[in-house]
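Secondary and tertiary structure notes
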Amino acid sequence: MSECPTCGWPGSDVYEVLSRHLTSEGVVTYSRCVCGEVQVRLRPYAADRPV
């Protein structure tokens, strides 16, 4: 997701990180946009990138 579906705010500019959790698939991040929309993102594990 490159931008907020509600207001169009860029996804690269996270307003507030609510929580971050390690899972078997990668790192799940719950964040809040400037408009209040809560978003969930998964950053999959990669061999060339530290967690």
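Residues numbered from 1 in each chain as written. Predicted model: local features only at pLDDT ≥ 70, side-chain atom pairs only at ≥ 80, totals over all residues. Heavy atoms only, no water.

**Observations concerning the overall build of the protein chain**
The cut-off we apply is this: Under the scheme used here, helices are H or I runs from DSSP no shorter than 4 residues and strands are E runs no shorter than 2 residues, and both carry numbers assigned from the N terminus. Whether two residues are in contact is decided by their heavy atoms: any pair within 4.5 Å suffices. Counting rule applied: Lys, Arg positive; Asp, Glu negative; His and chain ends not counted. Charged side chains are reduced to one point each, which is NZ for Lys, CZ for Arg, CG for Asp and CD for Glu.
A tally of helices and strands in the protein chain yields zero helices and three strands. Secondary structure of the protein chain in N-to-C order comes out as β-β-β. Summarising its shape, the C-alpha atoms of the protein chain cover approximately 35 × 20 × 15 Å along the three principal directions. Residue pairs in contact within the protein chain that sit at least 24 positions apart in sequence constitute 22% of those at least 6 positions apart. Taken as two groups, the 5 positive and 6 negative side-chain charges of the protein chain have centres that lie 5 Å from each other.

**So, the sheet that holds strand β2 (residues 26–32)**
Rules: For two strands to be treated as a pair, DSSP must find at least two bridges joining them. The angle between two axes is taken between their N-to-C directions and runs from 0 to 180 degrees, where each axis is a line fitted to C-alpha atoms and a helix contributes only its stretch in contact.
Spatially, the three strands line up as an open sheet ordered β1-β2-β3, and their pairing is antiparallel. Here the strands that pair on one side only, and so sit at the sheet edges, are β1 (16–22) and β3 (38–44). Between one strand axis and the next, the sheet turns by 20° as a mean value, whatever way the strands run. In this sheet, β3 lies alongside β2 in antiparallel orientation, the contact comprising seven bridges.

Limitation: the analysis is restricted to geometry and does not speak to function.
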